[in-house]
Amino acid sequence: MNTFLLALFLLFYGDTSICQKVARPNIVMVMSDAFDGRLSFEPGSRVVQLPYLNYIRELGSTFLNAYTNSPICCPSRAAMWSGQFVHLTQSWNNYKCLDASTTTWMDYLEKNGYHTKMMGKLDYTSGSHSVSNRVEAWTRDVQFLLRQEGRPVSQLVGNMSTVRIMRRDWRNTDKATRWIHQTAASSQQPFALYLGLNLPHPYKTASLGPTAGGSTFRTSPYWLRKVSSELVSVPKWLPLTAMHPVDYYSTFTKNCSGSFTEEEVRSIRAFYYAMCAEADAMLGQVIAALRETGLLNNTVLIFTADHGELAMEHRQFYKMSMFEGSSHVPLLIMGPGLKSGLQVDRLVSLVDLYPTVLDIAGIPAIGNLSGQSLLPLLSTSSGFSKKQPADWVFSEYHGCNANASTYMLRSGRWKYITYADGLSVPPQLFDLTRDKDELHNVVLKFPHVQVHLDKLLRSVVDYPEVSAAVHYYNKKAFSEWQRSLGRNYSQVIANLRWHIDWQNDVLANERAIEKWLHGHSQGRPKPSRGPKQNLNMWPLFSKVNYLMRLREFCTAVFDFILNGTNLSRVVWCCS
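As a starting point, this report considers the structure included with it.

About the thresholds
Residues numbered from 1 in each chain as written. Predicted model: local features only at pLDDT ≥ 70, side-chain atom pairs only at ≥ 80, totals over all residues. Heavy atoms only, no water. Helix = DSSP H or I, 4+ residues; strand = E, 2+ residues; numbered from the N terminus. Expected span 1.5 Å × (residues − 1). Contact = heavy atoms within 4.5 Å. Salt bridge = Lys/Arg side-chain N within 4 Å of Asp/Glu carboxyl O. Phe/Tyr/Trp six-rings, centres within 6.5 Å; stacked < 30°, edge-to-face > 60°. Buried < 20%, exposed > 50% of the residue type's maximum accessible area, 1.4 Å probe, protein only. Lys NZ or Arg CZ within 6 Å of the ring centre and 35° of its normal. Pairing = 2+ DSSP bridges. Axes fitted to C-alpha atoms, helices over the stretch in contact; angles between N-to-C directions.

1. Here we look at helix 7 (residues 167-182)
Relative to the 22 Å expected for 16 residues at 1.5 Å per residue, helix 7 spans 22 Å between its end C-alpha atoms, a close match to the ideal helical length. On its buried side, helix 7 packs onto strand 3 (115-120), strand 5 (191-196), helix 8 (221-224) and helix 10 (262-292).

And the structure:
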């Protein structure tokens, strides 16, 4: 009789979790920073040796279309830890993210009997990052154009025996492996361990002073030999005058509008890949500790990243962009009861990790979560999700190095990117099956696709309203910061990361800020009197907007004649 009851219990409830209510698995997540997700599968995985990513790929599942929900450190991690899109938590930039009291999935694991530990880079709460970083985000609507970063460079250090370049990450990895050996191995509870790495994020450029950002790609010959130099490509670039205005702003503020030789570009990319190899070795050390303690067979291991790295694609480095190099992240999962050697095509994003982790632990997900559990895709059992999976993925960006709030919807072959209120800045549409390099904006060629995707996007987020909220926040936050400085304001703002260009016309830059803060209209950003590369891209905005309105008008009239509908769209196009 008892056997019969147990069988009934397993029949009805056994598929709800891989832990099956008996021996809940341990959970280990390693999250790197700025790791291009395309390196986790073919053909990108050929360019650099990543043996431990390959290990997870062979024994677990690899998501081929995983995306960040915001391509910058703190907001992206805020989405992962909260399970919510960043506009829902108002995680606008690296300074404005989650409250420290926010309940994360790690908190739920602890409340439900897990022994938890978080180490290394967390970076999901408000108040961190440099003053420059936050001021640049606040003032992105101001009518000036200033370089905010150091020019990207590569730097070779050490010799063939120099292994530990990013010492802080290695120290945290050592702490994590000691914790596995000394604490996890003897725990009577299932455990959950999170290790955050800074690699392969570029290093600060020391020669630029204490306010410098990370523009140095640093490695040693030991790691560089892991890179197949013959496979390191030099990406194609559009001419500066043909770039989308927001992309041009990003290129200029990232100090990439000058001349670069092919050798420089190839070197930066090769060094970046070598930095990925070093991060992979840290993952390997964690895997080794789990194996040595006999914990690996009962541990779900997750590897991912907060965002990618452009590494000179689209004439940019860093992230802050919806192009694939910046927004595509790795996501690999292996563990007991999970499929091996699986490649998942489904579109997913970092908000899916919250419900997935809880599902693995057999904990019901509660609250208004933006993602869905991925466990039904991975489990070897016959369980299935009752919720219809979304056929799209969403990302947004509101921080520095982009002069408009940016929204991306990926659906099928299409990637749709729109900005601000959807009217003042032209959108972009890329066909990723035919244009993997994202060099051909086909929004005018496929108006029906743009209309469909924009409607779908607006069902996810009222993006004009969100953009207005960010604009209001930026002014309010900057005004409070300005008042807090008193008489020191002019000196402080002049010595941020943009100090070289700021000195070209100090008074004009200060006046531009005052006009933005107190003027009757928002105005249109334009370059300050500075480097010769400065181009006023706003005429391009006007021309493209004219073409967009003309296209919308023709489509609306055609639709009205055929179907008798959309007269309001005709009126809107004439406004």
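2. A look at the pattern of salt bridges
All told, the structure shown has 18 salt bridges when counted by the stated rule. Notably, a salt bridge pairs Glu313 with Arg38, separated by 2.9 Å at the nearest N-O pair. Of this pair, Glu313 sits in the loop between strand 8 (299-305) and helix 11 (324-327) while Arg38 sits in the loop between strand 1 (26-32) and helix 2 (51-59), placing them 275 residues apart in sequence. Glu480 is paired through a salt bridge with Lys476; the nearest N and O atoms lie 2.8 Å apart. Remark: Lys476 and Glu480 occur in helix 15 (residues 463-485); sequence separation between them is 4 residues, near one turn of the helix.

3. A few points about the packing of aromatic side chains
Each aromatic ring pair is specified by the distance between its two centres and by the angle formed by the two planes. Scanning the entire structure with this criterion turns up 26 aromatic pairs. Ring geometry for Phe85 versus Phe394: centroids 5.0 Å apart, planes at 80°, classification edge-to-face. In this pair, Phe85 is assigned in the loop between helix 3 (73-82) and helix 4 (86-89) and Phe394 in strand 11 (residues 393-397), connecting sequence segments 309 residues apart. Here the two residues Phe85 and Phe394 agree in accessibility, since each one is buried. Look at Phe144 and Trp502: their rings are 5.9 Å apart centre to centre, the planes differ by 75°, and that puts the pair in the edge-to-face class. Here Phe144 is found in the loop between helix 6 (131-138) and strand 4 (153-156), whereas its partner Trp502 is found in helix 17 (residues 499-502), with 358 residues between them in sequence. In terms of burial, Phe144 and Trp502 fall into one category: buried. An aromatic cluster is present here, built from Tyr95, Trp138, Phe478, Trp481, Tyr489 and Trp516 joined pairwise through their rings. The ring of Tyr318 carries the charged tip of Lys319 above its face, separated from the ring centre by 4.2 Å.

4. Details of the sheet that holds strand 7 (residues 214-219)
Taken in spatial order, the 3 strands of this open sheet run 4-7-6, and their pairing is mixed. Since the sheet does not close on itself, it has two edges, and those belong to strand 4 and strand 6 (203-204), each with one partner. Pairing analysis gives 4 bridges linking strand 4 to strand 7, with the strands arranged parallel. When the bridges of strand 7 are listed, Val153 appears paired with Thr216. Contacting strand 4, strand 6 and strand 7, helix 10 runs over the sheet at an angle of about 70° to strand 7.

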